[in-house]
Amino acid sequence: MANKNIKVERGLFDYKGKQYNEYFIRGTVRGTEVKIKLAPPDKKDKGGYTVLDIVFGNENEADFVVVPFEFTNGEGKTVTGNRFLVRTVDKETGEVYECAVKPARNSDKDMLAMLMR
């Protein structure tokens, strides 16, 4: 998967009378507009959304970064894959803020794979 200039957006949605942030990538796959939802890597860790809010700061858009990895597990097998990050750079200080994300659902995972081709 190549790094493309893909942006992650932050938007609001209503749930039971309260507003919450959601994080997503918009794109087009085979002529179909898609909205790929992203979430913190550990769904049980609700603090992951706080980290995402910190990364976004006052902005509603951030960079989507793909970082390939490879390691050898305890059985001697090589494991490869990609790590997904959301990244912003503070315009005043140049400090980089980032956190890991993953597709929220299996359908989001599939659409992301198609978008990244």
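Structural data are supplied above this passage.
A brief structural summary. (Residues numbered from 1 in each chain as written. Predicted model: local features only at pLDDT ≥ 70, side-chain atom pairs only at ≥ 80, totals over all residues. Heavy atoms only, no water.)

### Structural notes on the pattern of salt bridges
And step 1. The final tally for this structure, using the stated rule, is 8 salt bridges.
And step 2. Among the ionic pairs, E9 bridges to R26, the shortest N-O distance being 3.3 Å. Of the two residues, E9 sits in strand β1 (residues 7-15) while R26 sits in strand β2 (residues 18-29), which places them 17 residues apart along the sequence.
And step 3. Look at E9 and you get partly exposed, because its relative accessible area is 23%.
And step 4. Put simply, E22 and K37 hold a salt bridge, and the shortest N to O gap is 3.5 Å. Of the two residues, E22 is situated in strand β2 and K37 in strand β3 (residues 32-39); the sequence distance between them amounts to 15 residues. (Salt bridge = Lys/Arg side-chain N within 4 Å of Asp/Glu carboxyl O. Helix = DSSP H or I, 4+ residues; strand = E, 2+ residues; numbered from the N terminus. Buried < 20%, exposed > 50% of the residue type's maximum accessible area, 1.4 Å probe, protein only.)

### Some remarks on the pairing of strand β5 (residues 78-89)
And step 1. Here strand β4 (residues 61-72) pairs with β5 via 10 bridges, running antiparallel. If you follow V66 over to β5, its bridge partner there is F84.
And step 2. Between β4 and β5, which pair antiparallel one after the other, the connecting turn spans 5 residues, and G76 there sits at a positive phi close to 85 degrees.
And step 3. Bridge count for β5 against strand β6 (residues 96-103) is 6 bridges, and the pairing is antiparallel. The residue of β6 that forms the bridge with V89 is V96. (Pairing = 2+ DSSP bridges.)

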